[in-house]
Structures are given as structure tokens and as C-alpha cells.
Amino acid sequence: MSLRVICVGAGIAGLSTAIALREHAASITLLEASESVESMNIRAAGLTVYTCGANIMRDTLGLDPVGDVSAVQGHSIRAINWTSGSLDREIVPPTDDWYMAHRGSLLDALRSRATSPGGKGRAAKLLLGKIVTEIDVEAGRVLTSDGSVFEGDLIVGGDGVRSETRKAVVDKAIVQPSGLSIYRWTLTPVDWAGLPDKGAIDALIGPEARCIVTSDAKDMRLVTYRCHSSGLVNGALILPDHRLPFTSEDWTTAGSVEHLQSLVQDMGEPLKRIVGCVKSCGLWQLRKQAPLRTWFKAKAIILGDAAHPMLPFQAVAGALAMEDAEALQYALGQVGWIPARVPEALDLTFRLRFLRCSVIQHFSNSSPFDAGTMEKASTWSLENTATNAVAAVPLARDGADDKVQQAIATRVNANAGAFDVRATSGWVMNYKSAAAFSESQAAYILDKAFV
């Protein structure tokens, strides 16, 4: 074993990569900007792990969603009428092999699997407080703000939407506000224990609940579900930026509970009561990014949100990050885990993953709100984000006429247009592995990279 791996970021993508590669790597170093595990701001939210993610968790990462992550096995998706509070419809997926998880619990399980000495191969080394400032993709060198220098044969950028690695891989990314922001919060059963309609609340998010609850107004969507065996509940409200007192792209920004609760005054019970239990919440702006022309350059590749960030409407971003890690493992196995052949493995990883991720990105970025609502929201955000947002990702408003980007958009749209709604769900959820995908889904594998 001679392959030295540097993972920038210790979120889902970085940790999954460390687990997937540790059996065959000489060393794996995880560079995480947060000063402590507890301060990692991405821990706060819940996430859905559909069958595609569960397959990778078990088969590649060695994690049981219930036993190791304390996730809740899903049963159905309940759409509740916003004003009456009655059940509009209930969707029961064809399989119950999907889960609702707490992101912090998933990260803890991934980190333990990546860094514990008991697993296959050498344990990854996690270094906290390492803010990456410069990456030399040709030399395989990473510099951090404290003056440290790390060298490797492979650099994996799992550092999210604000990826420093992406800057070293692609010249520019076309990033823009979606027009939407999201409030997020968590609750425990103690928060509603004394309420008169406790039974109705328990039926939706109580200790035995196994459903995702959604409720739509004209320009808002509420989503809530039990995400941990302890009873912890995840909640979110998506709404246009122009309905907010301010917007922020920072995960750590505190939202206004008073404003959040004012938005649901016309909501029926018990959902209104559930939002009334919120004591604190986060707020951040949702961004869209056009599919990138490449994810790799020389010795570096970006995975997860660094490569294909998307809006939350398909609820599969976490699963795709795990799929990316498994695909990189597969590609390196194809070329023999040889440092000199890393660029070939990165090229294969990109070609295997690009269309699947970009098509899902396309579906995820399609809002459930009507066209008029979204046009108003996106127009307002494009005109106001530069002055209204706190620490926002810089906008790239050029590039629309770029021929390569047009070719990418044409290819993605053509592939996305081949699906009806039912086929889309099955195609997204039933993914098993990169090897199986390469055998059965040749139409979604690029013959060659765009650059």
C-alpha cells in the first residue's frame, strides 16, 4: 500500500471516502476546519437516507442505519393540508428500506468507522481546526492557515458548497440564489409533553412515528419527522427570501423564532402547535449551482456538495455523497490503487457519477412552488442578495453563453426528460453500487469528460 490520501472536510463525503479507501491506502488524513466535533455546524439537521444510501451504508461503509446511526425506519410520507390540518394523502413507498436520520448521529458513526483502529486497513487521522487556504493539485499539496503543509497522492474535496478544493479544480462555478431560504430546528417529546393535543402530535412525530410530514402553502413548505430513536425530531420551513428580514448562506446563522412562528398563523392544528414549540432555529439561504464541467484535475477530485450541491426537494444529497465515495473506491480498484494512475481513477469516477448526480440535481432544483411564485422569488434574490446576505457565496452571473456549459445543460435536460415521475423515484432510490450501475446504466455514463 502506497497511496496517501488527503480528505478536505470531515462531513459525509469526506468521512465516507475515508472509510471506503482505508483498506487500500497507506495513509488517510482528514482536514476539518471546525475546532471541535461539537462545533461542526452541519450536525444540526436531519436527513433522509433512501434505499440508495442505505445500500452504500451497509455494503461499503459497514454501518447499519438503525443499529449504528439510531435512524428511524421510514414507512410513509404524509401530506397535511396547511389550513385544515387534515390528511390530504399518504404515500407508502414500495420498500421500507429507507430511514430518517439525525446528521450528527450519522457523522459520529462515520467518524468512528473511519478513525477507529479496529477496521480494515489503517485508520484515518482526523485533524480539527485545519482551515485549508491553498491546494496545489499537480503536486498533491495542501496548505492550511496555521502554516501546516500536507502532501498526498490523492486529494478529495468533501468540503461542501463553499469548497476550497473546487476553486483549485474548476475556474468558476455558476452559483446563484435559488430564491428560497430555510428555517431549521429540532424538538424532543418533552417540548410538547404538556400540550392538550399531545396525542395528535405524537401520531405525526411522536416516539412511534415513522412518517415524513409535509404541508404546503402557496409559497412555503413545512417538513418534519422523527429522526432518531431517542425521539429527536427534525423540522424545516422553506420559504422565499423576500419574506425574511434577512438571509444568510451560513449554516450557523440564528433565525428568528418569532418570525418563524408568525409565518404559520394560518396553519391548522396540530402542525401550528408543533411550530409553536420551537425554542431556537437556524436560517440559511438555499443556493443553486449549474452542473460543473469537471470534478477533477491532476491529483484532486471534489465529491458530494462540493461537486453537485442541490436544493433539498429530492432529499438525497447525503446519499449521493456516500455513492460518490463508493464510486471512487471502485474506480481506484479498477486501476490498481497505484498513485501514478490516480488521474485515470478520477476521470472514471467523474464519468460514472456525472449524469446520475446532475440529473438528480436537475430534479432537486425543480421547486414544488408554481412558476410565478418562483420567478418572483428568484428575481428578488438575484437583485438583493449581494446587499442582503451575510457572508454569502460570491455569485457568478456570467458563463450562460459558454458552449461547454450549454452542451452540459442539453445533455442533462435530455436525460432528465426521459423519466416520468414514478420511474424517476425508482431510478434514484434503487441504486446499489458503481459496478452495478456501470453494467446496467450505460446511457448514464459519459464516454469522455467534458474537458
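None of the values given here were measured: they were computed from a predicted structure.

Quick look at the nonpolar core
The biggest cluster of nonpolar side chains holds 107 residues, and the ones touching the most others in it are Val-5, Leu-21, Leu-154, Trp-295 and Leu-332. When sequence neighbours within four positions are dropped, the list of residues in contact with Leu-21 reads Val-5, Ile-28, Leu-154, Leu-328, Gln-329, Leu-332 and Trp-337. Core analysis: the second largest hydrophobic core is formed by 29 residues, Ile-205, Met-220, Leu-222 and Val-264 among them.

Description of helix H3 (residues 103–115)
Residue pairs spaced three or four apart in an α-helix point in one direction, given the helix's 3.6 residues per turn. In this model H3 runs 18 Å from its N-terminal to its C-terminal C-alpha over 13 residues, within 8% of the 18 Å that 1.5 Å per residue would give. Residues of H3 that are buried: Arg-103, Gly-104, Ser-105, Leu-106, Leu-107, Ala-109, Leu-110 and Ala-114. Packing partners of the buried residues in H3 comprise helix H1 (12–21), strand S3 (46–49), helix H2 (51–59) and strand S7 (99–102).

Structural notes on the packing of aromatic side chains
Applying the stated criterion to the full structure yields eight aromatic pairs. Both rings, one in Trp-295 and one in Phe-350, keep their centres 5.5 Å apart while their planes meet at 75°; by these two values the pair is edge-to-face. Remark: Phe-350 occurs in helix H9 (residues 342–364) and Trp-295 occurs in the loop between strand S18 (282–289) and strand S19 (296–297); sequence separation between them is 55 residues. Taken individually, Trp-295 and Phe-350 each receive the classification buried, so the pair is uniform in this respect. Here Trp-427 and Tyr-444 contribute two aromatic rings whose centre-to-centre distance is 4.9 Å and whose plane-to-plane angle is 45°, an arrangement assigned as tilted. Of this pair, Trp-427 sits in helix H12 (residues 421–429) while Tyr-444 sits in the segment after helix H13 (434–440), and the two are 17 residues apart along the sequence. Here the two residues Trp-427 and Tyr-444 agree in accessibility, since each one is buried. Clustering of aromatic rings is evident, with ring pairs tying together Trp-295, Phe-296, Phe-350, Phe-354 and Phe-450. Above the plane of the ring of Tyr-431 lies Arg-353, whose end atom (NZ or CZ) is 5.4 Å from the centre.

Conventions and cut-offs
- Residues numbered from 1 in each chain as written.
- Predicted model: local features only at pLDDT ≥ 70, side-chain atom pairs only at ≥ 80, totals over all residues.
- Heavy atoms only, no water.
- Core = buried A, V, L, I, M, F, W, Y, C linked by side-chain atoms within 4.5 Å.
- Buried < 20%, exposed > 50% of the residue type's maximum accessible area, 1.4 Å probe, protein only.
- Contact = heavy atoms within 4.5 Å.
- Helix = DSSP H or I, 4+ residues; strand = E, 2+ residues; numbered from the N terminus.
- Expected span 1.5 Å × (residues − 1).
- Phe/Tyr/Trp six-rings, centres within 6.5 Å; stacked < 30°, edge-to-face > 60°.
- Lys NZ or Arg CZ within 6 Å of the ring centre and 35° of its normal.

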